[in-house]
Amino acid sequence: TAGASSTAKEIDATSTSVLSTSANAITIANHGFVDDEQVGYYVGVNSDNEQSAVIGGLLDSRSYYIHSATTNTFKLSESHSNCGDESIINLSGVSSDGTAQSFTSQGIPGKGQTWPDNRMSKYDGS
């Protein structure tokens, strides 16, 4: 899809220079993501070969939408702007051990191909 980034973007989710809880933003140089692009979030494994701790506010192996994308930063939303209830996710903390977490493009949904995901906390009451 035009604008979609085809490669996984790996981050050190323990770094406050990568993850800003005050701005609710993630920094990856030249990430290539665009607004309303759907991305999968994956925590990977830590140095003990166990699942890494998630970034506060996110869930492992869930899809999110890119919001407020600039060349080097982006924010995440649980819903596409077509849903009418798009809002920025509050990133409440860095990962305690996730130095190899990633965001992978799942493409840009076509018009009329988005709907609320009831597994997301904004819909399930979490």
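Residues numbered from 1 in each chain as written. Predicted model: local features only at pLDDT ≥ 70, side-chain atom pairs only at ≥ 80, totals over all residues. Heavy atoms only, no water.

Draft legend 1. Region of interest: the packing of aromatic side chains. For the structure shown, the criterion picks out three aromatic pairs. Ring geometry for phenylalanine 74 and phenylalanine 103: centres 5.6 Å apart, planes at 85°, overall edge-to-face. Within this pair, whereas phenylalanine 74 is found in strand β6 (residues 73–77), its partner phenylalanine 103 is found in strand β7 (residues 101–105), the two being separated by 29 residues in sequence. Residues phenylalanine 74 and phenylalanine 103 agree in their burial class; the two are buried. One aromatic cluster in this structure is built from Phe33, Tyr41, Phe74 and Phe103. (Phe/Tyr/Trp six-rings, centres within 6.5 Å; stacked < 30°, edge-to-face > 60°. Helix = DSSP H or I, 4+ residues; strand = E, 2+ residues; numbered from the N terminus. Buried < 20%, exposed > 50% of the residue type's maximum accessible area, 1.4 Å probe, protein only.)

Draft legend 2. Fine view of the pairing of β6. Bridge count between strand β3 (residues 25–27) and β6: two bridges; the pairing is antiparallel. Residue pairing for β6: isoleucine 26 is matched across the bridge by phenylalanine 74. The sheet contact formed by strand β5 (residues 62–67) and β6 spans three bridges and is antiparallel. Paired with isoleucine 66 across the bridge in β6 is leucine 76. (Pairing = 2+ DSSP bridges.)

Draft legend 3. Local environment of the environment of serine 61. Following the sequence through the fold, serine 61 ends up in the loop between β4 (38–42) and β5. Accessibility expressed as a relative area gives 46% for serine 61, which makes it partly exposed. Along the backbone, serine 61 and tyrosine 41 are 20 residues apart, and their C-alpha atoms lie at a distance of 5.3 Å. If we ignore the near neighbours within four places in the chain, the residues touching serine 61 are Tyr41 and Tyr42. Side chain to side chain, serine 61 and aspartate 60 meet in a polar contact 3.4 Å long. (Contact = heavy atoms within 4.5 Å. Polar contact = N/O pair within 3.5 Å; in protein donor to acceptor, adjacent residues only side chain to side chain.)

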